[in-house]
Amino acid sequence: MTIEQFIKDNIIKLKEITDIPQKELYILLGFVLQKDFIWLTLNNTYTIKEKYLDTLKKYVELRANAYPIEYITCRASFYSEEFEVCDGVLIPRPETEILIDKAYEILSQISSPKVLEIGVGSGIISTILAKKIPDIKIIAIDINPKALELSRLNVIKHQVADKIEFRLSDMFENVQGEYFDMLVSNPPYIAADFVLPKNVTYEPKEALFGGTKGDEMIISMIQECKQRGIKYFCCEMGYDQKEPFTKEFLKYDCEFEFYEDYSGFDRGFVLNFK
Ligand SMILES: C[S@@+](CC[C@H](N)C(=O)[O-])C[C@H]1O[C@@H](n2cnc3c(N)ncnc32)[C@H](O)[C@@H]1O
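Residues numbered from 1 in each chain as written. Predicted model: local features only at pLDDT ≥ 70, side-chain atom pairs only at ≥ 80, totals over all residues.

(A) Inspection of unusual backbone geometry at higher detail. Located in the positive-phi region is Tyr 79, a residue other than glycine, with phi close to 55 degrees. Its place among the elements puts Tyr 79 in the loop between strand 1 (75-78) and strand 2 (81-84). What makes Tyr 79 partly exposed here is the crowd of 17 C-beta atoms within 10 Å. Here Met 171, not a glycine, exhibits a phi torsion of approximately 50 degrees, which is positive. (Helix = DSSP H or I, 4+ residues; strand = E, 2+ residues; numbered from the N terminus. Buried ≥ 20, exposed ≤ 12 C-beta atoms within 10 Å, placed from the backbone.)

Structure representation (structure tokens):
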């Protein structure tokens, strides 16, 4: 079967689950044949070998069942950079770029900033901050050992391993008595009874669900920041959580600002304790 025929035969299978079925088929072809997009389009009449066709068929089936393409190719693009991803660790989302920009605005004004990231996942937040801020030091923790393994790969890939220390920790459990200018986090914040879209069901539950109401982990982080004297807290949150967090902030002497994501939904906040 030629590349052209493969696209023609399979486009219908992906139409239900993606707006860009043709592009995704080219991504799968590129991944399996180890060729770039230009080569694939210039060689439309190339005959795909049988052994590759079997693999491609398997991947199209997975994708047709809404299995994330990033888990197939083990790659995700984020903040114009390429990151390794793997099944069992959350796939980076574009809106987290805004969280990084909010944190960067503050950290770029602090000399040799010390940052704690809770829930490092694939390592995208800590890696990008470390790339943007030369003298930063970050302690990045996660409860999921697979996430720490993946993050370690990503910081090596992006040559910032010397700025980031990883720890297996449940929240602040293994972070005691250390000074931080900022806590940054994209924690689990979905309510326990929320029904996930099918593609998201393939991602780890502990990366998504933040408790019965969904805001419990973030509330606990706010309180810990206050107790531990962490001045800034930059955090991603659910679109419907502005109210509970405002209530919590009003208990403290602090300034706060909410920000929206690319679709105009409330998506996070920056908290500054006085
Ligand atoms: C929404 S994901 C964010 C991953 C990554 N920072 C990103 O933005 O793509 C949340 C992360 O928090 C981690 N996590 C969940 N509960 C935790 C806990 N109690 N302590 C530390 N990390 C936790 C999950 O394993 C997951 O990697």
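Read on, since the account is not over.
(B) The environment of Glu 243, seen in detail. The topology assignment puts Glu 243 in helix 10 (residues 242-249). Put simply, Glu 243 and Cys 74 are 169 residues apart on the chain and 37 Å apart in space, counted from C-alpha to C-alpha.

(C) Local environment of the sheet that holds strand 6 (residues 182-185). If you walk across this open sheet you meet the seven strands as 5-4-3-6-9-11-10, and the pairing is mixed. Of all strands in the sheet, those with a lone pairing partner are strand 5 (164-168) and strand 10 (254-260), marking the two edges. Averaged over all adjacent pairs, the angle separating strand axes in this sheet is 15 degrees, with direction ignored. Sheet topology places strand 4 (residues 137-142) next to strand 5; five bridges connect them, and they run parallel. Bridge pairing in strand 5 links Asp 142 to Leu 168. Across the face of the sheet, helix 7 (residues 124-132) comes into contact with strand 3 (114-118), strand 4, strand 5 and strand 6 while running at roughly 175 degrees to strand 4. (Pairing = 2+ DSSP bridges. Axes fitted to C-alpha atoms, helices over the stretch in contact; angles between N-to-C directions. Contact = placed C-beta atoms within 7 Å.)

(D) Main features of the packing of helix 6 (residues 96-107) against helix 7. At a closest axis distance of 10 Å, the pairing of helix 6 and helix 7 adopts a crossing angle of 40 degrees. Relative to helix 7, the element helix 6 lies oblique. The interaxial crossing formed by helix 6 with helix 7 has right-handed handedness. Here helix 6 contributes Thr 96, Leu 99, Ile 100, Ala 103, Tyr 104 and Leu 107 to the contact with helix 7, which in turn contributes Ile 124, Ile 125, Ile 128, Leu 129 and Lys 132. For the contact of helix 6 with helix 7, a count of residues per class yields nine nonpolar, one polar and one charged. (Parallel < 35°, antiparallel > 145°, perpendicular 65-115°, else oblique. Left-handed = near helix turned anticlockwise from the far one by under 90°. Nonpolar A, V, L, I, M, F, W, Y, C, P; charged D, E, K, R; others polar.)

(E) The arrangement of the nonpolar core in detail. Val 115, Leu 129, Met 182, Leu 183, Phe 233 and Cys 234 are the most contacted members of the largest nonpolar core, which has 53 residues in total. Core analysis: the next-biggest nonpolar cluster, separate from the first, contains twelve residues, Leu 14, Ile 27, Leu 29 and Val 32 among them. (Core = buried A, V, L, I, M, F, W, Y, C linked by C-beta atoms within 7 Å.)

(F) Inspection of the packing of helix 1 (residues 3-14) against helix 2 (residues 21-33) at higher detail. Where helix 1 contacts helix 2, the two axes come as close as 9 Å, and the packing angle between them is 125 degrees. Taken together, the axes of helix 1 and helix 2 lie oblique to each other. Crossing angle aside, the handedness with which helix 1 passes helix 2 is right-handed. Residues Ile 3, Phe 6, Ile 7, Asn 10, Ile 11 and Leu 14 of helix 1 form the contact with helix 2, whose own contacting residues are Pro 21, Gln 22, Glu 24, Leu 25 and Leu 29. Residues of the contact of helix 1 with helix 2, tallied by class, amount to eight nonpolar, two polar and one charged.

(G) How the structure looks around helix 4 (residues 50-64). Its 15 residues place the ends of helix 4 21 Å apart at the C-alpha level, agreeing with the 21 Å of an ideal helix rising 1.5 Å per residue. Every buried residue belonging to helix 4 is among Leu 56, Tyr 59, Val 60 and Arg 63, and all of these are buried. Projected down its long axis, helix 4 carries its buried residues within an arc of 105 degrees, all on one side. The outward face of helix 4, more than 90 degrees from its buried face, is lined by the exposed residues Glu 50, Lys 51, Asp 54, Lys 57, Lys 58 and Glu 61. The positive-phi residue at the C-terminal boundary of helix 4 is Ala 66, with phi of around 70 degrees. (Expected span 1.5 Å × (residues − 1). Arc of directions from axis to C-beta.)

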